[in-house]
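Take a look at the letters that make up each chain.
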Amino acid sequence: SQPAPITFDAAVAKVASEAALGVVEVEDFRDWLLDPQQAGQPIDGERITEWRASEAYERARLEYMDGCMCEGACTCTYDGVGI
């Protein structure tokens, strides 16, 4: 018998863990994957690369950074990168 197919959430979690994404980034990556334009594509490391090159990624990164609440110098990062 074949192993049970991996669920969408499990696949996202696996790829996100391998890419060391933070909680905010995982949500944004998951949202991007749920876009109908991304349907039917495998969820793998190449998808992380494509997401990081997407307009959605840049938009999410800028929105996250706009919400900075740091006192003094900003120490916020999105996907490991500061402002």
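**Student:** Mind showing me how you'd approach the overall build of the protein here?
**Tutor:** A count of helices and strands for the protein gives four helices and zero strands. Along the protein, helices (α) and strands (β) appear in the sequence α-α-α-α when read from the amino end. Considering only C-alpha atoms, the protein reaches an extent of 60 × 25 × 15 Å along its principal axes. Across the 83 residues in the protein, those meeting the buried criterion constitute 25%. Here the contacts in the protein between residues at least 6 apart in sequence split such that 39% fall between residues at least 24 apart. When the accessible area of the protein is evaluated, it comes to approximately 5,800 Å², of which 53% is carbon and sulfur surface.

**Student:** Looking at this structure, how should I read the pattern of salt bridges?
**Tutor:** Two side chains carrying opposite charge are able to pair once their charged atoms lie near each other. In this structure the tally under the stated criterion is five salt bridges. Its salt-bridge partner being K14, residue E18 comes within 2.7 Å of it at the nearest N-O pair. With E18 and K14 both in helix α1 (residues 8–18) and four residues apart, the pair spans about one turn of that helix. The exposed category is assigned to E18, whose relative accessible area is 56%. The class for K14 is partly exposed, based on a relative accessible area of 46%.

Each value, and the rule that gives it
Residues numbered from 1 in each chain as written. Predicted model: local features only at pLDDT ≥ 70, side-chain atom pairs only at ≥ 80, totals over all residues. Heavy atoms only, no water. Helix = DSSP H or I, 4+ residues; strand = E, 2+ residues; numbered from the N terminus. Buried < 20%, exposed > 50% of the residue type's maximum accessible area, 1.4 Å probe, protein only. Contact = heavy atoms within 4.5 Å. Areas by Shrake-Rupley, 256 points an atom, 1.4 Å probe, with all protein chains shown as cover. Salt bridge = Lys/Arg side-chain N within 4 Å of Asp/Glu carboxyl O.

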